[in-house]
Protein chains: 2
Amino acid sequence: MFARRLFSTSSSSLPPTIRQILASNTHSTPVQVNGWIKSIRKQAKVAFAVVTDGSSSQTLQAVFTKDALAEAKNLTNGACVRLNGTLAKSIGPGQDVELQVDKVECLGECTSEEYPIQKKSLNTDYLRDHCNFRARTDSIAAMLRLRSSTLRGLQQYFESQEFCYAHTPIITSNDSEGGGETFSVTPSAPATSSTAPAPHSDFFGRPAYLTVSSQLHLEALAASISRVYTISPCFRAERSQTSRHLSEFWMLEAEWAFTNSVEDVTRVVEGAVRSVMQAPSVDLQVLWKDMDPVRLEALRRAVESDVPWARITYTQAVEELQKHSSSFKVAAKWGDSLRSEHEQWLAERLIGGPVFVTDYPASMKPFYMRLNDDGKTVACFDLLVPHVGELAGGSLREERLELLKDALRKAGLREEEYAWYVELRKFGGAPHGGFGLGFERLIRWMSGIENVRECIAMPRWEGRMLL
Amino acid sequence: MFARRLFSTSSSSLPPTIRQILASNTHSTPVQVNGWIKSIRKQAKVAFAVVTDGSSSQTLQAVFTKDALAEAKNLTNGACVRLNGTLAKSIGPGQDVELQVDKVECLGECTSEEYPIQKKSLNTDYLRDHCNFRARTDSIAAMLRLRSSTLRGLQQYFESQEFCYAHTPIITSNDSEGGGETFSVTPSAPATSSTAPAPHSDFFGRPAYLTVSSQLHLEALAASISRVYTISPCFRAERSQTSRHLSEFWMLEAEWAFTNSVEDVTRVVEGAVRSVMQAPSVDLQVLWKDMDPVRLEALRRAVESDVPWARITYTQAVEELQKHSSSFKVAAKWGDSLRSEHEQWLAERLIGGPVFVTDYPASMKPFYMRLNDDGKTVACFDLLVPHVGELAGGSLREERLELLKDALRKAGLREEEYAWYVELRKFGGAPHGGFGLGFERLIRWMSGIENVRECIAMPRWEGRMLL
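Only a predicted model underlies this, so the values are computations on that prediction, with no experimental measurement involved. (Residues numbered from 1 in each chain as written. Chains lettered and ligands numbered in written order. Predicted model: local features only at pLDDT ≥ 70, side-chain atom pairs only at ≥ 80, totals over all residues. Heavy atoms only, no water.)

Quick word on unusual backbone geometry
Residues and elements named next belong to chain A.
Then, in step 1: For Ser-28, which is not glycine, the phi torsion reads 60° and is therefore positive.
Then, in step 2: In this structure, Lys-66 takes a positive phi of about 50° despite not being glycine.
Then, in step 3: Along the polypeptide, Lys-66 turns up in helix 2 (residues 66–71).
Then, in step 4: Taking relative accessible area as the criterion, Lys-66 reaches 74% and is therefore assigned exposed. (Helix = DSSP H or I, 4+ residues; strand = E, 2+ residues; numbered from the N terminus. Buried < 20%, exposed > 50% of the residue type's maximum accessible area, 1.4 Å probe, protein only.)

Below you can see the structure in the form of structure tokens.
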């Protein structure tokens, strides 16, 4: 329709990145390199600097001699530089090429003693306190690039499965299925109308909350366009300080119509997670260097094997746990939640890999999960993985109008509050299901990073919101 | 590293969509179709139904005869069905194939008179009130798919330019550069600690707001990994009711280091916007049917032409506006904001297409924009497009420490509040720039949709937050 003879997008005037320069692998050509000095060694007749621009985990060694050596005299760690020079075959170990510098331009000095990233190895708490600069460390930079490539991988998977990416609301009227632990949203400034000022909470005409899950909204869209997914921020005002909780986190959620079993839902989850691991990035290799070998081995086994991940029912899981009750502080009991020690044992000991635990008792799960024919369990799953615990959870959704109304009543929720959601079952309701997967937890599992706080650029938890 | 012999992701058990079925274009093969009845005509010996599953704007005609005719008797508009049958060459106009139905399964009835999407043509306000079902209309479904493909297109462009996708914080300590009109965030439930309960606002130890822009956070990341972008929700508690404002909207924002002119920044914007228009989707064609021909013609010209979009300075723009002062209610004056009528005239009359207006007076713009050598304008731009107005805005950012501190002072902002941001200039600061582009405004411009409220699945504005 539109002509093909378009403005060429390659005409953007961005200079090549260090990743591109190294990938081009051309020697003896003049090149301009922009980046930051990671470290610099100065000798009498030569200086060596390691330069990065964050475009990949690969750095470039710059060699300063003659005039350039004098110009390099004042360069320090952290300085921002533009270097003109020639790429040449490197004689040093660990790199193919190096930059023989002709001209040095210091774009931004870094002479202060206060520069927070002076040393190579800095502890986690210190870096959390210097959140505005911690992406200058190898591991945080690698994590950020891993998030980007993982996001792309997940999107490619869902596109290949004909899903439509949907932006669901962040501000909602929905108070977390009655679960509490939500954030409220009000305008900072009061209304300035000349009539009596309305209370702040009335900006939207009703109380407003930050979303805890996009699921219900995605269900509405799946009732029209069949397959939808999103990677959305979610919020929980939890006052817990663990290695797997954040007040603001990102969740992959997908919902689709015309699915008939939990097995179907788990296959999509497994397909999505495996697909992002198919071609491990350089960044992952960098992060694996610090990974506990036992965890890395378990990760490899999980992803390399052709064998589909294990599926066991909650009831089977409880039976197994009871056979080994001496291993636990608290014995498992049918109808109770699985404790952390139980989940760990199931994934790490019983299965030795990822495991979908399915068909939990209805009483333990939210109202929207589809009741099984036994009348006491629901068609749902939790995906447990070694060393991380719960990575994803999902279910068939109750599409039968009367059963959904029953479930709302049993959960003590008012049907009027969920009128728009109940309506989805009245007017051409489809059998459907879906799941949610914690994005930071996936990054943690893939990379071996110890805490989800290092799996996001600028983490928020109770008492902590820098920047 | 990992073995290639992976679990095949194609083993996901999702049935084919109608888009896939139509694209496969195979005749005489048995097929199962899942979807919703858009319309149905019943005659004595045959019935015809139009079936959609939202996977594309193409629908499938189903033909019921013999046994299937009896089974189709109770089908109504909006019913959810599973049809087994055979694809055959269609003799009717407007489609290549039709489904000759053998077996009908009604998955979800839609017999109620209350079904909101009974009629073909429904007005905009009515559909806003029935937000949970409005994606069953052709235009809203096409808009949702257009959002998804536009998102993908933008991401492909920025990946090709070596940008890293970053998730920036939604909850921030930053009160909109002092501009007000933000939302505050507090936990819904008070702290339950046994000591004296802290005020709600102290969940994070300081007041918390919803982000109005990811820019400052992206600048911090660009100071480490050079090129970053995001497509993030943003929030403004504006009490305005226009066709281009939402309380919750999505913004594409990009920041990158080592850029030296506003021209550089505008080239990236132009490249990104043009790239998503290179292959107009079927959905766009559907939406164009309702588009004002004058707008469509202007859009075509803007995108088909090889000629880069116009650039004029604010000062030139004011001169042009003053030459034609009789055309305006209020005359343009150097130092004043351009009014809506001025912006319209510039894009629609003076240029007749998109125009970057650059180098506005510093006094009109936020503190972070880079001061030009003239000492009174800043290195910035607004992108104005015909019929929509401002689509994007950006600038070089002030990287010179002392000038940034001056600008903060002049803006009446406290340096301590921005300490982490100012620091980015102290420790290896890079020359850098970036921009923000309203995602709903882009959708509106591309599609000709009248109001941004129809450019997002579930819009929020003052007094309106359904679902």
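Remarks on the interface of chain B and chain A
How big an interface is tends to be stated in terms of the accessible area lost upon association of its parts.
Then, in step 1: Listed by partner, the interface residues are 141 residues for chain B and 142 residues for chain A.
Then, in step 2: When the two sides are added together, the surface that chain B and chain A hide from each other amounts to roughly 12,300 Å², 61% of it contributed by carbon and sulfur.
Then, in step 3: Between the two partners, chain B and chain A, sit six salt bridges.
Then, in step 4: In this structure, Glu-114 of chain A and Lys-426 of chain B form a salt bridge, with 3.9 Å as the shortest nitrogen-oxygen distance.
Then, in step 5: If you look at where chain B meets chain A, you find 47 residue pairs in polar contact (both at pLDDT 80 or more).
Then, in step 6: At 10 residues, the largest contribution of residues to the side of chain B that touches chain A is made by helix 4 (residues 138–160) of chain B.
Then, in step 7: Split into classes, the residues belonging to the side of chain B that touches chain A amount to 73 nonpolar, 38 polar and 30 charged.
Then, in step 8: Where strand 8 (residues 183–187) of chain A and strand 8 (residues 183–187) of chain B come together, five bridges link them in antiparallel fashion. Residue Ser-184 of chain A lies in a different strand from strand 8 of chain B, and its bridge partner there is Thr-186 of chain B. (Contact = heavy atoms within 4.5 Å. Buried area = accessible area lost by both parts, 1.4 Å probe. Salt bridge = Lys/Arg side-chain N within 4 Å of Asp/Glu carboxyl O. Polar contact = N/O pair within 3.5 Å; in protein donor to acceptor, adjacent residues only side chain to side chain. Nonpolar A, V, L, I, M, F, W, Y, C, P; charged D, E, K, R; others polar. Pairing = 2+ DSSP bridges.)

A few points about the environment of Ser-232 of chain B
All names here are of chain B.
Then, in step 1: Within the element layout of this structure, Ser-232 appears in strand 10 (residues 227–235).
Then, in step 2: Look at Ser-232 and you get buried, because its relative accessible area is 1%.
Then, in step 3: For Ser-232, the residues in contact, after removing those within four places along its chain, are Thr-168, Ile-170, Ser-214, Phe-249, Trp-250 and Met-251.

Topic: the sheet that holds strand 5 (residues 97–108) of chain B
All names here are of chain B.
Then, in step 1: With mixed pairing, five strands are arranged side by side around a closed barrel as 1-2-3-5-4. Neighbour-to-neighbour, the strand axes of this sheet turn through a mean angle of 55°, independent of strand direction.
Then, in step 2: Direction of pairing for strand 2 (residues 47–52) relative to strand 3 (residues 60–64): antiparallel, over a ladder of five bridges. In the strand pairing of strand 3, Ala-49 is matched with Ala-62. (Axes fitted to C-alpha atoms, helices over the stretch in contact; angles between N-to-C directions.)

Quick look at the nonpolar core
Then, in step 1: Phe-64 and Phe-435 of chain A together with Phe-64 and Phe-435 of chain B are the most contacted members of the largest nonpolar core, which totals 296 residues.
Then, in step 2: Those residues in contact with Phe-64 of chain B that sit more than four places away from it in its chain are Lys-45, Val-46, Ala-47, Phe-48, Ala-49, Leu-69, Ala-72, Leu-75, Leu-83, Val-101 and Val-104 of chain B. (Core = buried A, V, L, I, M, F, W, Y, C linked by side-chain atoms within 4.5 Å.)

Section: helix 8 (residues 293–304) of chain B
All names here are of chain B.
Then, in step 1: Compared with the 16 Å implied by 1.5 Å per residue over 12 residues, the 16 Å span of helix 8 between its first and last C-alpha is a close match.
Then, in step 2: Listing the buried residues of helix 8 in full gives Arg-295, Leu-296, Ala-298, Leu-299, Arg-300, Ala-302 and Val-303.
Then, in step 3: Of the surrounding elements, those touching the buried residues of helix 8 are helix 6 (262–276), helix 7 (282–288) and helix 13 (439–447).
Then, in step 4: If you check the start of helix 8, you find a side-chain oxygen 3.1 Å away from the backbone N of Val-294, and it comes from Asp-292. (Expected span 1.5 Å × (residues − 1).)

Concerning the domain arrangement of chain A
Residue and element names in this part refer to chain A.
Then, in step 1: According to the domain assignment, chain A contains domain 1 (13–115) and domain 2 (134–187 + 201–454).
Then, in step 2: One C-alpha centre belongs to domain 1, the other to domain 2, and the line joining them spans 44 Å.
Then, in step 3: Between domain 1 and domain 2, the residue contacts involve eight residues of the former and six residues of the latter.
Then, in step 4: Of the roughly 530 Å² buried where domain 1 meets domain 2, counting both sides, 38% is carbon and sulfur surface. (Domains from an automatic or database assignment.)

Observations regarding the sheet that holds strand 10 of chain B
Then, in step 1: Within the open sheet, the eight strands sit side by side as 6-10-11-16-15-14-13-12 (chain B). Their pairing is mixed. Among the strands making up the open sheet, the edge pair consists of strand 6 (164–165) and strand 12 (310–313) of chain B.

Description of the pairing of strand 2 (residues 47–52) of chain A
All names here are of chain A.
Then, in step 1: Pairing geometry for strand 1 (residues 30–42) and strand 2, over six bridges, is antiparallel. For Arg-41, the partnering residue across the bridge sits in strand 2 and is Phe-48.
Then, in step 2: The antiparallel pairing of strand 1 with strand 2 creates a hairpin that spans four residues between the two strands.

A word on the packing of helix 4 of chain B against helix 13 of chain B
Residues and elements named next belong to chain B.
Then, in step 1: In contact at an axis separation of 11 Å, helix 4 and helix 13 are set at 110° when each is read in the N-to-C sense. Comparing their axes, helix 13 and helix 4 come out roughly perpendicular. The handedness of the crossing between helix 4 and helix 13 comes out as right-handed. Along the contact surface, helix 4 presents Met-143, Leu-146, Arg-147, Thr-150, Leu-151 and Leu-154, while helix 13 presents Phe-439, Glu-440, Leu-442, Ile-443, Met-446 and Ser-447.
Then, in step 2: Tallied by class, the residues present in the contact of helix 4 with helix 13 amount to eight nonpolar, two polar and two charged. (Parallel < 35°, antiparallel > 145°, perpendicular 65-115°, else oblique. Left-handed = near helix turned anticlockwise from the far one by under 90°.)

A few points about the relation of the copies chain B and chain A
Two copies of one chain are present, and they are related through a rotation about an axis combined with an axial shift.
Then, in step 1: When chain B is brought onto chain A, the operation consists of a screw motion whose angular component is 180° and whose axial shift is 0.0 Å, with 0.0 Å RMSD remaining. In the structure described here, the two chain copies are related by an operation that fits a two-fold rotation axis. For chain B, the residue whose C-alpha comes nearest the rotation axis is Val-185 of chain B, separated from it by 2.5 Å. (Least-squares fit on C-alpha atoms with pLDDT ≥ 70 in both.)

Regarding the pattern of salt bridges
Then, in step 1: If you walk through the whole model with that rule in mind, you get 58 salt bridges over all chains.
Then, in step 2: When the shortest N-O distance is used, the salt bridge between Arg-19 of chain B and Glu-162 of chain A registers 2.4 Å. Of this pair, Arg-19 of chain B sits in helix 1 (residues 18–24) while Glu-162 of chain A sits in the loop between helix 4 (138–160) and strand 6 (164–165), on two different chains.
Then, in step 3: What makes Arg-19 of chain B partly exposed here is its relative accessible area of 32%.
Then, in step 4: Since its relative accessible area comes to 17%, Glu-162 of chain A is described here as buried.

Details of the packing of aromatic side chains
Then, in step 1: Considering all chains together, one arrives at 50 aromatic pairs over all chains under this definition.
Then, in step 2: Ring centres 5.2 Å apart and planes at 90° place the aromatic pair Phe-203 of chain A and Phe-183 of chain B in the edge-to-face group. Of the two residues, Phe-203 of chain A sits in the loop between strand 8 and strand 9 (209–210) while Phe-183 of chain B sits in strand 8, which places them in two different chains.
Then, in step 3: Judged by relative accessible area, Phe-183 of chain B falls into the buried class, the value being 1%.
Then, in step 4: Considering the side-chain rings of Phe-367 of chain A and Tyr-368 of chain A, the 5.4 Å spacing of their centres and the 75° angle between planes classify their relative orientation as edge-to-face.
Then, in step 5: Ring-pair connections join several aromatic residues into one group, and the members of that group are Tyr-157, Phe-158, Phe-163, Tyr-165, Tyr-229, Trp-256 and Phe-435 of chain A.
Then, in step 6: The cationic tip of Lys-376 of chain A hangs over the ring face of Trp-334 of chain A; the distance from NZ or CZ to the ring centre is 5.3 Å.
Then, in step 7: Positioned above the aromatic ring of Tyr-421 of chain A is the side chain of Arg-425 of chain A, whose terminal nitrogen or guanidinium carbon lies 4.2 Å from the ring centre. (Phe/Tyr/Trp six-rings, centres within 6.5 Å; stacked < 30°, edge-to-face > 60°. Lys NZ or Arg CZ within 6 Å of the ring centre and 35° of its normal.)

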